[in-house]
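Okay, here's what each chain looks like letter by letter:
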Amino acid sequence: MEQPAGSFPLRVVAQDVALALFITVMQVQGTVAKVAVDGAPRPLTDLGNLGFALLALSGMVVAVRRRWPVPVFLTTALASLVYFSLDFPDGPGWLGLFVALYTLTAYGDGRRSVVIAGVGTTVLAVGWLVAAADIEPRAAIGWVFFRIGASVMSAALGESVRSRRVIAAEAQQRAEMAERTREEEARARVDAERLRIAREVHDTVAHAIAIINVQSGVTAHVLDKRPEVAREALHAIEETSSRALREMRAILGVLRDDNDGRLPYPGLGQIDELTAKARDAGLDINLEETPPAAPLPSAVGSAAYRILQESITNVIRHVGPTRVTVALNPGADALEIRVTDEGRRAASGDDGPHLSAHPAGTAGSAKPGRGIVGMRERCQLLGGELDAKPTPGGGFEVRARLPLAPTGSRL
């Protein structure tokens, strides 16, 4: 690949000019010195000093070898063929040609330059052999084979340099791409962790606030009439807030450098405690659980717990005391979750503290909100799916399917 004019710095151009002058002097002076010792069949001054002109031309053209490598090689090759075809004296007139061959393959475009160098060397070899056909003694023909071998070596050396330069450039490019990829992956991990923390905080805080809201309403309702029930409600508030604080410390513990105070993420092992708190908040929960054949992956168990927690929290916040069915069916390849409530019950006076203390719900309480979006995101991260919709009887149902071999990121 030829370089456009002006693409090389002045320092490189000056180096090439100095090299061209050196080669020109070496070719002319070396040939003159050899002629003075061995003599020559045709003096360099014949045909209007053509011998000197050809030696000078093949040396001076090296000054632009990087800018126009192909024309420089063709010029030096043609000068060599003419020089030896006219039977001018042998000498170091090959220096410019070998430098031009090296430059052609070193600064060319690879395959095309190698082809040009190969064809050019073949033509030169034929021309040299023809020019030396009648040389005497025959042993003197060795200069032809020397030039052929040196031409091949010059082209091979240039191709080797070009290949190493290309490999180095590709390695640099791969390193830069790998660095960009690492940065993108790091940003993706940070974004995923930020989203995970946001979901965990939402689930923990929403559930705790819903329970505390119900129990504080119970306390206000029965404080004077039934102090023992108020005491139980206050105790439930204390336990709920304490557990929420512990979970918050565990969730936000990843933002610290040490491991102090971190707790494992909750899983299905805490489902009994979760349903017990829901019963304290006024829900009539029926748990249908099938023991899994093998322990569930921690990511699946944690996601399932959060889905159950958010579903129950939504019932407490938007429906109030009602019957809720929680079904867990671990299969061979997936865990199926179903949470169904029967909808709001009609108010029945002061029959119980939980019923009368629950804030009024609305018919639009089944409208999907951030909680359902968060549950769906959890499912999708594990390659699962979630469906949440009202039931014909006025209730609401959440169905989730979590693969036991998660295909997404860890929650």
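Here the structure is shown first, and the text comes after it.
Draft legend 1. Local environment of the overall build of the chain. Across its full length, the chain holds eleven helices and five strands. With 411 residues in all, the chain has 39% of them scored as buried. Of the contacts formed within the chain by residues at least 6 apart in sequence, a portion of 74% connects residues at least 24 apart. When the accessible area of the chain is evaluated, it comes to approximately 21600 Å², of which 60% is carbon and sulfur surface.

Draft legend 2. Fine view of a nonpolar patch on the surface. A cluster of nonpolar residues, Val17, Leu21 and Met60, forms a patch on the protein surface that exposes about 250 Å² of accessible area. Under the relative-accessibility criterion, valine 17 is labelled partly exposed at 37%.

Draft legend 3. Spotlight on the packing of aromatic side chains. Considering all chains together, one arrives at five aromatic pairs under this definition. Between tyrosine 83 and phenylalanine 84 the ring centres are 5.2 Å apart and the planes differ by 80°, which places this aromatic pair in the edge-to-face class. Taken individually, tyrosine 83 and phenylalanine 84 each receive the classification buried, so the pair is uniform in this respect. One aromatic cluster is present, built from ring pairs that chain together Tyr83, Phe84 and Phe88. Note that arginine 42 overlies the ring of phenylalanine 88, its terminal NZ or CZ placed 5.9 Å from the centroid. We note arginine 165 situated over the ring of tyrosine 107; from NZ or CZ to the ring centre the distance is 5.1 Å.

Draft legend 4. Geometry of the nonpolar core. Counting 36 residues, the largest nonpolar core has Leu283, Leu308, Ile337, Leu386 and Leu402 as the members making the most contacts within it. Elements with a contribution of two residues or more to this core: helix 6 (142-222), helix 8 (271-280), helix 9 (298-318), strand 2 (323-330), strand 3 (334-341), helix 11 (370-381), strand 4 (385-390) and strand 5 (396-403). With ten residues, the single largest contributor to this core is helix 9. In this structure leucine 386 touches Ile307, Ile372, Met375, Arg376, Cys379, Val398, Arg399 and Ala400, once residues within four positions along its chain are discounted.

Draft legend 5. Structural context of the packing of helix 1 (residues 10-38) against helix 4 (residues 95-106). Running from N to C, helix 1 and helix 4 cross one another at 145°; their axes reach a closest spacing of 9 Å. Contact residues: Leu19, Ile23, Met26 and Gln27 in helix 1; Leu95, Gly96 and Val99 in helix 4. Tallied by class, the residues present in the contact of helix 1 with helix 4 amount to five nonpolar, two polar and no charged.

Draft legend 6. Region of interest: unusual backbone geometry. At asparagine 49, a position not held by glycine, the phi torsion is positive, near 60°. Within the fold, asparagine 49 resides in helix 2 (residues 46-60). Classification of asparagine 49 as partly exposed rests on a relative accessible area of 38%. Even without glycine at this site, aspartate 87 takes up a positive phi of about 65°. Within the secondary structure layout, aspartate 87 lies in the loop between helix 3 (69-85) and helix 4.

Draft legend 7. Layout of the sheet that holds strand 1 (residues 284-289). Across the sheet, five strands lie side by side as 1-2-3-5-4; this open sheet has mixed pairing. Two strands bound the open sheet, and with one partner strand each, they are strand 1 and strand 4. Adjacent strand axes in the sheet meet at a mean angle of 10°, parallel and antiparallel pairs treated alike. The pairing of strand 3 with strand 5 spans eight bridges and is classified as antiparallel. Residue arginine 338 lies in a different strand from strand 5, and its bridge partner there is arginine 399. Most of the contacts of helix 8 go to strand 1, to which it runs at about 160°, and overall it touches strand 1 and strand 2.

Draft legend 8. Summary view of the pairing of strand 4. Taken together, the six bridges between strand 4 and strand 5 define a ladder with antiparallel strand orientation. If you follow lysine 389 over to strand 5, its bridge partner there is glutamate 397. Here strand 4 hands over to strand 5 after five residues, with glycine 394 in that stretch at a positive phi of 100°.

Draft legend 9. Highlighting the pattern of salt bridges. Under the definition given, this model contains eleven salt bridges. The partner of arginine 323 in a salt bridge is aspartate 284, with the nearest N and O atoms 3.0 Å apart. Remark: aspartate 284 occurs in strand 1 and arginine 323 occurs in strand 2; sequence separation between them is 39 residues. Residue classification places aspartate 284 among the partly exposed residues on the basis of a relative accessible area of 31%. A salt bridge links glutamate 342 to arginine 323; the shortest N-O distance between them is 3.7 Å. Of this pair, glutamate 342 sits in the loop between strand 3 and helix 10 (353-357) while arginine 323 sits in strand 2, placing them 19 residues apart in sequence. A single network of salt bridges, built from pairs that share partners, joins Asp16, Arg65 and Arg66.

Conventions used here
Residues numbered from 1 in each chain as written. Predicted model: local features only at pLDDT ≥ 70, side-chain atom pairs only at ≥ 80, totals over all residues. Heavy atoms only, no water. Helix = DSSP H or I, 4+ residues; strand = E, 2+ residues; numbered from the N terminus. Buried < 20%, exposed > 50% of the residue type's maximum accessible area, 1.4 Å probe, protein only. Contact = heavy atoms within 4.5 Å. Areas by Shrake-Rupley, 256 points an atom, 1.4 Å probe, with all protein chains shown as cover. Patch = residues over 30% accessible without salt bridge, like charges linked within 9 Å, V, L, I, M, F, W, Y side chains within 5 Å. Salt bridge = Lys/Arg side-chain N within 4 Å of Asp/Glu carboxyl O. Phe/Tyr/Trp six-rings, centres within 6.5 Å; stacked < 30°, edge-to-face > 60°. Lys NZ or Arg CZ within 6 Å of the ring centre and 35° of its normal. Core = buried A, V, L, I, M, F, W, Y, C linked by side-chain atoms within 4.5 Å. Axes fitted to C-alpha atoms, helices over the stretch in contact; angles between N-to-C directions. Nonpolar A, V, L, I, M, F, W, Y, C, P; charged D, E, K, R; others polar. Pairing = 2+ DSSP bridges.

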